[in-house]
Amino acid sequence: MIKTEYKVVAVMSGTSLDGIDIIYAVYNFHKDWSFKIHHAETLKYSTKWKTDLSNLVNKSLEELRELDIAYSKYLANVIKTFIAKYNLNEIDFVSSHGHTALHQPENKLTYQIGNRTVLADKLQQKVICDFRVQDVEFGGQGAPLVPIGDRLLFYNYDYCLNLGGFANVSFEENEKRIAFDICPVNIVINHFVSKINLEYDDRGKIASCGKVHEGLLNQLNQLEFYKQSAPKSLGLEWVKTHVFPIIDRLELKTEDILRTFTEHISIQIALVLKDEAKSILITGGGAYNDFLIERLKLKTKSKIIIPDSQIIEFKEALVFGLLGILRVRNEVNCLKSVTGAKQDHSSGKILNPKS
Ligand SMILES: Nc1ncnc2c1ncn2[C@@H]1O[C@H](COP(=O)(O)OP(=O)(O)OP(=O)(O)O)[C@@H](O)[C@H]1O
Ligand SMILES: CC(=O)N[C@H]1[C@@H]2OC[C@@H](O2)[C@@H](O)[C@@H]1O[C@H](C)C(=O)O
């Protein structure tokens, strides 16, 4: 009989390098999936790991392989400590994303470090990992992978909106899951507040004191990307070439830049929500930006739901736990409608520990 309950340690390291997100969650399947997160932590990277992980593009494949082994051992220690701390005796497996070191789907290449066999051996646990590789082999982008989790775990919401470095959204349309990046968010806000020696604009307080610069707002809203249809995604390079120059040219005060950019974000998100009365779940650090949320509420009829901090911060780890479960059940965990792969498929490598 196929199992209906899974006890999983799920691990994720995202692009912002704030640390390793690690959770222990129990998932149940009775007609639909449900979950409960029992423990969740973000383990901050040491300065050394932060430096190493932010310089990956300059490394040779040889150097990357070495780092991969070191990082797998490091992850094993972090996970072991977590398991011991919470005295977790019943674990079906560890589901781990690793850290993206290289991502060039156009060259059929995606490489997440931290997924070597040493991880399973050191943990003495079964590990499911390397979720992106097969999708790229199937001609997909290998990302985003979270939308299948939006569909199976967060089906009560019409839209799942994540406000991280960029805003990305996923929703159902004609029985297909659609997902794409909407516009930059914290990658721009953090850049401009760093000039006044802050890490981020806490609750959007600085933005709320500024004035909208109509000329800049129009220029931002007219960027070509917003006319393109999905699937589409954004990256730092695009922000550097298309966004920073038009803002820098104007020499505005920081609060006016932030105020204008917040207006821009809320306008672009509201356009995607199409003025319908739907429900929208907001996660990612931008959910703490009260001023942005307030502006968005004024522009949409949708009901905005801000979940508790566990879901705001650990939804991605939670979904990677589910991807592992779907893999062991041999069920689809990568959707061609979002990644562009030639087929839906069940992706992920299974590492069994050597005893
Ligand atoms: N209290 C707060 N007020 C305003 N913004 C906040 C607050 N807390 C966090 N943030 C913003 O959220 C960011 C972190 O969000 P998150 O961890 O979702 O981003 P990320 O991991 O870079 O995103 P992704 O990889 O999903 O693009 C911070 O850098 C900051 O800009
Ligand atoms: C290749 C890679 O690691 N992509 C990440 C990255 O971080 C955000 C965005 O770019 C997203 O596409 C993806 O991660 C999320 C968790 C995803 O696959 O859904």
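From a predicted model like this one, the values you see are computed outputs, not experimental measurements.

Conventions and cut-offs
- Numbering of residues starts from 1 in every chain and runs along the sequence as written.
- Each chain gets a letter, beginning with A, and each ligand a number, beginning with 1, in the order they are written.
- With the structure being a predicted model, the display of local features is reserved for residues of pLDDT at least 70 and the display and counting of side-chain atom pairs for 80 or more, all residues being used for whole-chain, interface and lining totals.
- To obtain the side-chain values, all non-hydrogen atoms of the structure were included, while hydrogens and water were left out.
- For this description, a residue counts as near a given molecule or strand if any of its non-hydrogen atoms is within 4 Å of it.
- Contacts described as polar in this section are N or O atom pairs within 3.5 Å, which, within protein, must combine one atom able to donate a hydrogen with one able to accept it, while residues neighboring in sequence count only if both atoms come from side chains.
- Per-residue and other accessible areas were derived by the Shrake-Rupley procedure at a 1.4 Å probe size, with only the shown protein chains allowed to occlude residues.
- Three classes are used, and their members are as follows: Ala, Val, Leu, Ile, Met, Phe, Trp, Tyr, Cys and Pro are nonpolar, Asp, Glu, Lys and Arg are charged, and the others, Gly among them, are polar.
- Per the convention used, a helix needs a DSSP run of H or I reaching at least four residues, while a strand needs a run of E reaching at least two, with both numbered from the N terminus.
- Only strands joined by at least two bridges in the DSSP assignment are considered to pair.
- To obtain an axis, a line is fitted to C-alpha atoms, over the contacting stretch when the element is a helix, and the angle between two such axes runs from 0 to 180 degrees between their N-to-C directions.

Caption draft 1: Region of the structure containing the site of ligand 1. Around ligand 1 lies a shell of 18 residues, among which T15, S16, N190, D202 and R203 are the nearest. Within the contact set of ligand 1, an oxygen atom lies 2.9 Å away from a side-chain nitrogen or oxygen of T15. A distance of 3.5 Å separates an oxygen atom of ligand 1 from a polar side-chain atom of E316. Summarising the interface, the protein chains cover 76% of the accessible area of ligand 1, which totals 650 Å² for the free molecule. When grouped by side-chain class, the residues that make up the shell around ligand 1 number two nonpolar, 11 polar and five charged.

Caption draft 2: Region of interest: the site of ligand 2. Taken together, M12, T15, T100, H103, R132, A143, P144, L145, V146, E316 and F320 make up the full set of residues adjacent to ligand 2. With respect to ligand 2, the side chain of R132 contributes an N or O atom lying 2.8 Å from an oxygen atom. Contacts to ligand 2 include V146, whose backbone N or O atom sits 3.0 Å from an oxygen atom. For ligand 2, the protein covers 77% of the area, taking 430 Å² as the surface of the free molecule. At the level of elements, β5 (99-104) and α12 (309-328) are the ones that each hand at least two residues to the shell around ligand 2.

Caption draft 3: Expanded view of the sheet that holds strand β12 (residues 303-305). Read from one edge to the other, the open sheet built from five strands follows the order β10-β9-β8-β11-β12, with strand pairing classed as mixed. On the outer flanks of this sheet lie β10 (176-184) and β12, each paired with one strand and no other. This sheet shows a mean twist of 20° between the axes of neighbouring strands, independent of strand direction. With three bridges connecting them, strand β11 (residues 279-283) and β12 associate as parallel partners. Within the sheet, the bridge partner assigned to L281 lies in β12 and is I305.

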